[in-house]
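Descriptive analysis of the structure
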Amino acid sequence: MTAPLVAGNWKMNTTVQEGIALATAIRDAVGKPGGVEVAILPPFTHLWPVHDVLEGSGILLGAQDVFWETSGAYTGEISPTMLAGWCDLALVGHSERRHLLGETDAQVGRKFLCAVSSGLRVIVAVGETESERDSGTTFAVVDRQLDAALAPFESPPAAESFVIAYEPVWAIGTGRTASPEQAQEVCRHIKEHLAAGFAITGVRVLYGGSVTADNAAVLFAEADIDGALVGGASLNSDKFAAIVGAAATSSPPAR
Ligand code: PGA
């Protein structure tokens, strides 16, 4: 099976100059990690200079979002074809976009299709709110988000072209990490759902939500957690490198 993926989502943080310095520090702290894929997702304004910083490092570059058309009258949007060829990844469906900006399940699906069709690898983020978890609908919410994300595809995308990030909304930026058991249960369910509903197997499923250097190892030890989408801790090169190190040493060997 493929290596775990540790992706750092900087969100709307750092100036361009600070971002170049952070990317340089991450590159130097991470080194050449054996057996782990590493990606950083800076703001759009930083992508081009950070691409130069990462050249030859093996660290992947990703965008935090992307639009669902390849060109046209869409003021302020960035299309996948603008990124393809020099950016490796695009994230779609992050909960901050769903919940703060009103992005719908259907829009996430259109973005996913357009990005994959343009040659980007895609991280599709899904996850339940606290009230959805409390009312016992976690699996139903995640299934609905997955089904909508895959709905625009005529035939299922290749397993290598995307990863799913399971990010419980109540754990993002709150310091309240899901327990390894809670995260494992949903990550396994996601794999079962993709296999049963779409005959897709071998997709990596990441956990995201207050991942730190201290809790990463126990999460990565779970059988169906294939890496992490890291927010806050990805803004510190040493903490991020420690999470990458935990992925290199703590992932189950049978993956
Ligand atoms: P966090 O963010 O690590 O700061 O909780 C994770 C994410 O939103 O991807």
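Quick look at the structure, then. No experiment lies behind these values; they were computed from the predicted model shown.

**Thoughts on the sheet that holds strand 4 (residues 89–92)**
Remark on secondary structure: sheet strands pair via backbone hydrogen bonds, oriented parallel or antiparallel. Within the closed barrel, the eight strands sit side by side as 1-2-3-4-5-6-7-8. Their pairing is parallel. When the angles between neighbouring strand axes are averaged without regard to direction, this sheet yields 25°. Relative to strand 7 (residues 205–208), strand 6 (residues 162–166) runs parallel, the two being bridged by three bridges. What sits directly across from Ala165, in strand 7, is Leu206. Packing of helix 5 (residues 105–117) onto the sheet brings it into contact with strand 4, strand 5 (121–126) and strand 6, and relative to strand 5 it is tilted by some 165°. Sheet strands in contact with helix 8 (residues 180–198) are strand 5, strand 6 and strand 7, and its direction is about 145° off that of strand 6.

**Considerations on the pattern of salt bridges**
Scanning the model with the defined rule gives 16 salt bridges in all. Among the ionic pairs, Glu69 bridges to Arg110, the shortest N-O distance being 3.3 Å. Pair noted here: Glu69 is in the loop between strand 3 (60–63) and helix 3 (80–83) and Arg110 is in helix 5, with a separation of 41 residues, a long-range link. Taking the shortest distance from any N to any O, the salt bridge between Glu128 and Arg133 comes out at 2.7 Å. With respect to burial, Glu128 and Arg133 carry one shared label: buried. When salt bridges with common partners are traced through the structure, they connect Asp65, Arg97, Glu103 and Lys111 into a single cluster.

**Quick notes on helix 10 (residues 237–250)**
Since one α-helical turn is 3.6 residues long, residues separated by three or four positions face the same way. Compared with the 20 Å implied by 1.5 Å per residue over 14 residues, the 20 Å span of helix 10 between its first and last C-alpha is a close match. Listed as buried for helix 10 are Ser237, Phe240, Ala241, Ile243, Val244, Ala246, Ala247 and Ser250. Contact partners of the buried residues in helix 10: strand 1 (5–9), helix 1 (16–30), strand 2 (37–41), helix 9 (216–220) and strand 8 (227–230). Where helix 10 begins, one side-chain oxygen reaches toward the backbone nitrogen of Asp238, 3.0 Å away; that side chain belongs to Asn236.

**Regarding the site of the ligand**
Near the ligand lie 13 residues; those nearest to it are Lys11, His94, Glu167, Gly173 and Ser210. Within the side chain of Glu167, one N or O atom sits 2.6 Å away from an oxygen atom of the ligand. Interatomic distance of 2.6 Å between a backbone N/O atom of Gly173 and an oxygen atom of the ligand. Contact with the protein chains removes 95% of the 280 Å² of surface that the ligand exposes when unbound. For the shell around the ligand, the per-class residue count stands at four nonpolar, seven polar and two charged.

What counts, and at which threshold
Residues numbered from 1 in each chain as written. Predicted model: local features only at pLDDT ≥ 70, side-chain atom pairs only at ≥ 80, totals over all residues. Heavy atoms only, no water. Pairing = 2+ DSSP bridges. Helix = DSSP H or I, 4+ residues; strand = E, 2+ residues; numbered from the N terminus. Axes fitted to C-alpha atoms, helices over the stretch in contact; angles between N-to-C directions. Contact = heavy atoms within 4.5 Å. Salt bridge = Lys/Arg side-chain N within 4 Å of Asp/Glu carboxyl O. Buried < 20%, exposed > 50% of the residue type's maximum accessible area, 1.4 Å probe, protein only. Expected span 1.5 Å × (residues − 1). Polar contact = N/O pair within 3.5 Å; in protein donor to acceptor, adjacent residues only side chain to side chain. Near = heavy atom within 4 Å. Areas by Shrake-Rupley, 256 points an atom, 1.4 Å probe, with all protein chains shown as cover. Nonpolar A, V, L, I, M, F, W, Y, C, P; charged D, E, K, R; others polar.

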